[in-house]
Amino acid sequence: MRIPIAVAFAAATIAGLDGCAPAQATSSTQPRPAAPTTRARADTNRPAPGAGGVSVPNADPFPSTYVAPPSRATLIRDVTIMTAAGPTIRNGSVLLRDGKIAAVGTTVSAPADADVIDGRGKFLTPGVIDDHSHLGVYAAPGGDALSDGNELTNPVTANVWAEHSVWPQDPQFPRALASGVTTVQILPGSGNLIGGRSVVLKVVPSASVQGMKFPGAKYGLKMACGENPKRVYAQRGPSTRMGNVAGYRAAWIQAEAYRRRWDKWNADHEGDAPQRDLGLETLAEVLRGNILVHNHCYRADEMVQMIDIAKEFGYKIRSFHHGVEAYKVADRLGKEGISASLWSDWGGFKMEAMDGVRANLAMVSAAGARAIVHSDDPSGMQRLNHDAAKAMAAGEQIGIHTTEDEAIKWFTINPAWALGLDDKIGSIEVGKNADVVLWSGSPFSVYSRVDRVWIDGAAAYDRANPASWWRTDFELGNVPVPNGGAR
Amino acid sequence: MMRERLARVTIALGFIVATSTAGYAQTVAITGGKVYPVSGPVIENGTVLVRDGKIVAVGANVTVPNDATRIDATGKWVTPGLINALTSLGVAEINAVQTTVDRSARGDSGIAASFPVWEGINPASTLFAPARNDGVTSVVVVPTGGLIAGQAAVIDLVPGTLSDMLNKAPVAMVAQFGDARDGGSNARGEQYARLKEILEDTRTYARRRSDFDRAQTRPFAARRADLEALIPVVEGRLPLMVNVDQASDIDAIMRLANEQNVKLIVVGGAESWKVAARLAAAGIPVVVGSLNNIPQSFSTLGARQDAAALLQRAGAKVVLIGNGSGEEGFNVRNLKYDAGVAVAYGLPWEAALRAVTLTPAEMLGVANRIGSLQPGRDANVVVWSGDPFEFTTRAEHVLIRGREVVSPSRQDELMQRYKSYPPAYRKPGN
């Protein structure tokens, strides 16, 4: 919910829904999502995708075509490194080679042909990760034509996939990159109880969404509590919170039956394959643990309801999103291993957001749950570090101290975990993907800017070189050049 | 504590001006701070002396009377209270709960010039405390919607009644131009023609009021009450504050204002940097945010984050507001961070401070009361633990009209309740 100034005030209501919106797409025929690995073996007996292949699921019908661009070895030296994996390293160096972080420390030797970057006075962090974005599905410049985030035709649209709505030419992508964001989860909106599949993207130029998809990333499932679904479906139902809960449970009951039918058939191949159902395929994958649940939920009491529903049907919730009341049940979130994706100080724009407090992240973190700064917004996305800083300061005022080494995790390794990618991204450690951001100063200062960004070791953004900046097709002729020193 | 009393005086032409802060008989000396008066250069180790709600002295060599209450500001920064020039504080509690939202009038085909938005202000709003606790001491409450949205007011964030809070009303007539597809027009040219017709009819109406009352005029383009409200606008006494983004729309509204002799303020101004030199030459203040660089509509394709810096460099008067998402409601307080971001994007630090204090006060005709630390001004003063724009800085003392106003907000109470587990209210004995 970007809020045009002219109507600065009207928009927050929209934020409630627009912000958390879904996507639709009918993958006409191709296959379907992942079965557990053991079952994937059984697939080898099936007809190859193509004629006759569509009657059985395909684990990856829209495969990533992303290939890391060529890069030269890069040494960033004499820099303050916030690793998100341990204490800050002063006057350290990081070597990026072959797309990976090859070395980190105070003494790092680089190959003779390495590009050497002087990091004096600067800070290096992992690439920023936003686990709640609608870039591409609510693309700029907006309007009905680009409003593809909420498939508001049924309260349960587990059958839709956000990636089928993503417009790779959304000019918001390059702005995210220029603020250090290297990985995003694009979610359907929150108008539905179950809004559909999310997709994890690298913030890179491509003519297709497949060219942006993070190779190997799991899918997410968007679910939504509270006011949005019951408002959207007030006429046909659900029109109440109890109606919402009945709706989730009905969907999981169907999903469980569907999972059993398919698991049995996958095991014995007796008779015809069961009829495919795109929505139930997705839900069954959640039950098998192959898709991660991202649950829009503001109020503490509703989070606890959702935890019980997850237990009833045997799935896990990976993260509660927006969670303005997460601080009220932070201990519980910690025990359940559920992360909380939060703003520092958005709130108050609707009843269920009334109890937002600025120290939420700090309180959740202190209580032992994984705290994540998320945006749900193309402007806020550019300053997740600011949100973290605000939450730290607010925590400090009530006696909850958060170290910078902890707070840096809120927008790096913790969202990486929420996406199931913490083995690949989110920290500056040897072997991880070389997604790093060089800041002009501490990322916790309002005055710092992003100077450089690397994705998979390749230079992706350089503030000092406007001619190199990524401009989407849309921007050609529409958005003035250069966008100044101000991406 | 003596309660301050405000004389609320209605002067001719419908302006309401709170004229006095008499009654708060106390002397406060803020000593040893790095003082930014804004109206003059920074004073290291300066003193701000406050008596009876007013500033009586500012400087490095101020004698502190024995009876003064001292606030030691050694190592601290002292500035005027911040002014947020675009809010709906007090007229929009929870945006999604319609009965708490009173910022948009129904009007007549998009015209609501007579709408006095401040009459709907609820002084009990929970949103005032977070703003003032973070150093915002005055805000402009702005109506929204339609072609002419209504009249804006400046209020000071003092506890009390609306009369206590009102600083001046109206301070501007608010309109929108460009993207707006309001009740009465459907195209930019039509908006232009309507505004022009209404302004011209206002002049005619003002000349021929008695004929109008005897039904001896042709029909006018707006209702009587709206024409009445627009008289100070066409007489150049009340600025027309226009939400407008696209450069060509700014150009159009500048032509109209020039032709009609109307004092203009540009608000939003996503592409105002493109016409910065002309805005500067015309002395038109521009109210911009520092957070948005997104071409979020076809009217804001040229949005850029350094707009404030570019305008300032061209010599235009710049007022900074929050234009990030969610910056209304309880994030009116984030104005200081918006200023910080503007600095990161090239606006000189002192220009940024001016853009959230004295410039908005001047723009709205209240600089004789607020916006700077000078003798005779209201004692709206903030003592900051450091640089006010940094995240780690706190507003340690916030004075409005000489009185400390920091008090726990609803959010503060929630945080206190839940900061340890189990929350305080669940512990035995609570």
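Residues numbered from 1 in each chain as written. Chains lettered and ligands numbered in written order. Predicted model: local features only at pLDDT ≥ 70, side-chain atom pairs only at ≥ 80, totals over all residues.

Visitor: Account for the overall build of chain A, with residues named and values stated.
Guide: Looking only at helices and strands, one finds twelve helices and 17 strands in chain A. The burial tally for chain A puts 59% of its 487 residues in the buried class. (Helix = DSSP H or I, 4+ residues; strand = E, 2+ residues; numbered from the N terminus. Buried ≥ 20, exposed ≤ 12 C-beta atoms within 10 Å, placed from the backbone.)

Visitor: Outline the overall build of chain B, supporting the account with residue identities and numerical values.
Guide: Helix and strand counts for chain B stand at twelve helices and 18 strands. Against the globule reference of 22 Å for 430 residues, chain B gives a C-alpha radius of gyration of 22 Å, in line with a compact fold. The principal-axis extents of the C-alpha atoms in chain B amount to approximately 70 × 55 × 45 Å. When burial is assessed residue by residue, chain B has 61% of its 430 residues classed as buried. Taking the contacts inside chain B whose residues are at least 6 apart along the sequence as the reference set, 68% of them involve residues at least 24 apart. (Rg over C-alpha atoms; globule rule 2.2 N^0.38 Å. Contact = placed C-beta atoms within 7 Å.)

Visitor: Provide a residue-level description of the interface of chain B and chain A, including the pertinent values.
Guide: Tallying the contact residues gives 58 residues for chain B and 62 residues for chain A. Looking at the side of chain B that touches chain A, the elements with two or more residues in it are strand S13 (264-268), helix H9 (335-344) and helix H12 (410-418) of chain B. Counted by class, the side of chain B that touches chain A contains 24 nonpolar, 25 polar and nine charged residues. (Nonpolar A, V, L, I, M, F, W, Y, C, P; charged D, E, K, R; others polar.)

Visitor: Lay out helix H5 (residues 224-234) of chain B in plain terms, naming residues and giving numbers.
Guide: All names here are of chain B. Residues of H5 that are buried: Asp226, Leu227, Ala229, Leu230, Pro232, Val233 and Val234. Buried residues belonging to H5 abut strand S10 (148-156), strand S11 (166-176), helix H3 (188-207), strand S12 (240-244) and helix H6 (247-260). Taken from the residues just after H5, Gly236 is the one with a positive phi, measuring 75°.

Visitor: So what's going on with H6 of chain B? Which residues, and what values?
Guide: Residue and element names in this part refer to chain B. Over its 14 residues, H6 runs 20 Å from end to end, which matches the ideal 20 Å to within 8%, given 1.5 Å per residue. For H6, the full list of buried residues reads Asp249, Ile250, Ile253, Leu256 and Ala257. Down the axis of H6, the buried side of the element spans an arc of 125°, and every buried residue falls inside it. Structural note: H6 exposes Arg255, Asn258 and Glu259 on the side pointing more than 90 degrees away from its buried face. Tucked into the core, H6 has its buried residues touching H3, S12 and S13. (Expected span 1.5 Å × (residues − 1). Arc of directions from axis to C-beta.)

Visitor: Can you lay out the packing of H3 of chain B against H6 of chain B for me, pointing to particular residues and giving the numbers?
Guide: Residue and element names in this part refer to chain B. In the contact formed by H3 and H6, the axes pass within 11 Å of each other and the chain directions differ by 15°. As summarised for this structure, H3 and H6 are arranged roughly parallel, according to the angle between their axes. For the pair H3 and H6, the sense of crossing is right-handed. The segment H3 lies against H6, with Arg188, Tyr192, Leu195, Lys196 and Leu199 engaging Asp249, Ala252, Leu256 and Gln260. (Axes fitted to C-alpha atoms, helices over the stretch in contact; angles between N-to-C directions. Parallel < 35°, antiparallel > 145°, perpendicular 65-115°, else oblique. Left-handed = near helix turned anticlockwise from the far one by under 90°.)

Visitor: Describe the confidence of the model for chain B, listing the residues and the values that go with them.
Guide: Residues and elements named next belong to chain B. Residues of chain B with pLDDT of at least 70 account for 92%, and the chain-wide mean is 92. Of the regions scoring below 50 in pLDDT, residues 1-14 engages in 28 contacts with residues more than four places distant in sequence or in other chains. Every residue in residues 19-23 is under pLDDT 50, and counting partners more than four places away or in other chains gives 16 contacts. Of the two predicted TM-score estimates for the complex, the pTM is 0.92 and the ipTM is 0.93. (pLDDT = per-residue confidence, 0-100.)

Visitor: Lay out the sheet that holds strand S10 (residues 219-224) of chain A in plain terms, naming residues and giving numbers.
Guide: All names here are of chain A. Within the open sheet, the six strands sit side by side as S8-S10-S11-S12-S13-S14. Their pairing is mixed. The open sheet terminates on both sides in strands that have one partner only, identified here as strand S8 (194-197) and strand S14 (371-373). When strand polarity is set aside, the average angle formed by the axes of neighbouring strands in this sheet is 25°. Helix H6 (residues 278-287) contacts S8, S10 and strand S11 (291-297) of the sheet and is inclined by roughly 100° relative to S11. (Pairing = 2+ DSSP bridges.)

Visitor: Give me the environment of Ser272 of chain B: which residues, what numbers.
Guide: Residue and element names in this part refer to chain B. Checked against the element boundaries, Ser272 lands in the loop between S13 and helix H7 (276-281). Exposure remark for Ser272: the 29 C-beta atoms within 10 Å place this residue in the buried category. The sequence separation of Ser272 and Met173 amounts to 99 residues, and the corresponding C-alpha distance is 20 Å. Excluding its chain neighbours within four sequence positions, the residues that come into contact with Ser272 are Ile250, Val266, Leu279, Val286, Val288, Ala307 and Leu311.

Visitor: Can you tell me about the sheet that holds strand S7 (residues 181-186) of chain A, naming the residues and giving the values?
Guide: Residues and elements named next belong to chain A. If you trace the three strands from one edge of the open sheet to the other, you get S6-S7-S9, paired in mixed fashion. At either end of the open sheet lies a strand with only one pairing partner, and these are strand S6 (128-133) and strand S9 (199-202). The average angle at which neighbouring strand axes cross in this sheet is 20°, direction not considered. Note that S7 and S9 share four bridges and pair antiparallel. Across the sheet, Ile186 pairs through a bridge with Val199, a residue of S9.

Visitor: Any details on the packing of helix H5 (residues 241-268) of chain A against H6 of chain A? Residues and values, ideally.
Guide: All names here are of chain A. Following both chains from N to C, one finds H5 and H6 inclined at 85°, their axes separated by 8 Å at the closest point. Between H5 and H6, the angle is such that the two are roughly perpendicular. Across the interface between the two elements, Ala251, Trp252, Gln254, Ala255, Glu256, Tyr258, Arg259 and Trp262 from H5 touch Leu280, Leu283, Ala284 and Leu287 from H6. Partitioned by chemical class, the residues of the contact of H5 with H6 number nine nonpolar, one polar and two charged.

Visitor: Describe the pairing of S12 of chain B, naming the residues involved and giving the relevant values.
Guide: A regular strand places its side chains so that they alternate between the two faces of the sheet. All names here are of chain B. Most of S12 is tucked away: five of the five residues are buried. Burial along S12 is two-sided: Leu240, Val242 and Val244 facing one way and Met241 and Asn243 facing the other are all buried. For S12 and S13, the ladder comprises five bridges, and the chain directions are parallel. Each residue of the ladder has a partner; that of Met241, found in S13, is Ile265.

Visitor: Before we move on, can you summarise the pairing of strand S3 (residues 27-35) of chain B with the specific residues and values?
Guide: All names here are of chain B. Inspection of the sheet shows S3 paired to strand S4 (residues 43-51) by six bridges, in the antiparallel sense. Residue pairing for S4: Gly33 is matched across the bridge by Gly46. As judged from the four bridges shared by S3 and strand S6 (residues 69-72), these two strands associate in the parallel manner. When the bridges of S6 are listed, Ile30 appears paired with Ile71.

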